[in-house]
Amino acid sequence: MITMLAASSVVNSNLACSSRISSSSDFTSGHSWRPIEAVKLTQTRAVSSIRISCAATKPAKTPAEEEWKVKRKLLAEKRVRSVDVKEALRLQKENNFVILDVRPEAEFKEAHPPGAVNVQIYRLIKEWTAWDIARRAAFAFFGIFAGTEENPEFIQSVDAKVGKDAKIIVACSTGGTLKPTQNFPDGKQSRSLIAAYLLVLNGYSNVYHLEGGLYAWFKEGLPAVDGEE
C-alpha cells in the first residue's frame, strides 16, 4: 500500500519500493519441522506473506523541517520583528535594510521590490535518488509537475550575496505571521519565517520579517520592478 501526502513544499512518500516474498509456517506452536514436512505444509496450506521493504527512505529531518512551535520559540528569543510593507520600504531607504526575497527565481523575475536580493529557500527538485523520484511521483499525483525541495545552499548563498552583518527583511509571497490569531493561535508558518529561522540559527542577528508578504507590497502599490536589475 502506497501512501502519498503533499503539504506546502514537503512531500512524504513510500514509493520506489522492492518486494520480498517469504514463506510463513506455524513455527510458534513448539513443533520442530523437518524440511520435507515444511514443503508438504507449504503445498497443502499455501501459507505465504509478502513483505514490502522500501528503498526510498526519507533522509533525516533538516532544521527547516523542525516543528513550527520550535521555530517560533527561537524567533521570539532572537527578537525577530515583523514589519508591515510601508515600514519595510522606509527601513530599506533610510536604514540600508536589505529585502531578501526567498521566493522561487521565476516569481522574483515577474516582480519584486527594487534592490531586493533573491535567494530561493526552495528550489526545483534536482537529484534522482530513490527518495527524489518518490517525491516527484507524489507531487505528480496531485497534478504538480514542478515539485520543490529545500535549497541546501540557502545559507551559503545569503552569506555570499548579503553577509552576516547586513540588516535583513525576509520576504515571501504571503508572509505568514508570528502573531496569534483566532484561526492560528501559534501564528502561521511561511517560507519567509522558515528562512528567518535558518538565518538566526546560523548567526544572523539583524533579521526582520515582512508581515503580509509581497502580496501586500504589490497590493499597496509600492515600487516594483521586473526581470533582472
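Residues numbered from 1 in each chain as written. Predicted model: local features only at pLDDT ≥ 70, side-chain atom pairs only at ≥ 80, totals over all residues. Heavy atoms only, no water.

Caption draft 1: Region of interest: the pairing of strand β10 (residues 168-171). Going residue by residue along β10, you find Ile168 and Val170 tucked away on one face and Ile169 and Ala171 tucked away on the opposite face as well. Bridge analysis of β10 against strand β11 (residues 207-210) gives 3 bridges, and the strand direction is parallel. From the neighbouring strand, Ile168 faces β11, where its bridge partner is Val207. For the crossover from β10 across helix α7 (residues 191-201) to β11, the handedness is right-handed. (Buried < 20%, exposed > 50% of the residue type's maximum accessible area, 1.4 Å probe, protein only. Helix = DSSP H or I, 4+ residues; strand = E, 2+ residues; numbered from the N terminus. Pairing = 2+ DSSP bridges. Right-handed = clockwise from strand over helix to strand, strands pointing away.)

Caption draft 2: Structural context of helix α3 (residues 85-95). Listing the buried residues of α3 in full gives Val85, Ala88, Leu89, Leu91 and Gln92. Buried positions in α3, seen along its axis, are confined to an arc of 160° and lie on one side of it. Opposite the packed face of α3, turned more than 90 degrees from it, sit the exposed residues Lys86, Lys93 and Glu94. Buried residues in α3 make contact with β5 (81-83), β6 (98-101), β10, β11 and α8 (213-219). The opening residue of α3, the one whose side-chain oxygen lies 3.3 Å from the backbone nitrogen of Lys86, is Asp84. Where α3 terminates, the next one or two residues include Asn96, which has phi positive at roughly 60°. (Arc of directions from axis to C-beta. Contact = heavy atoms within 4.5 Å. Polar contact = N/O pair within 3.5 Å; in protein donor to acceptor, adjacent residues only side chain to side chain.)

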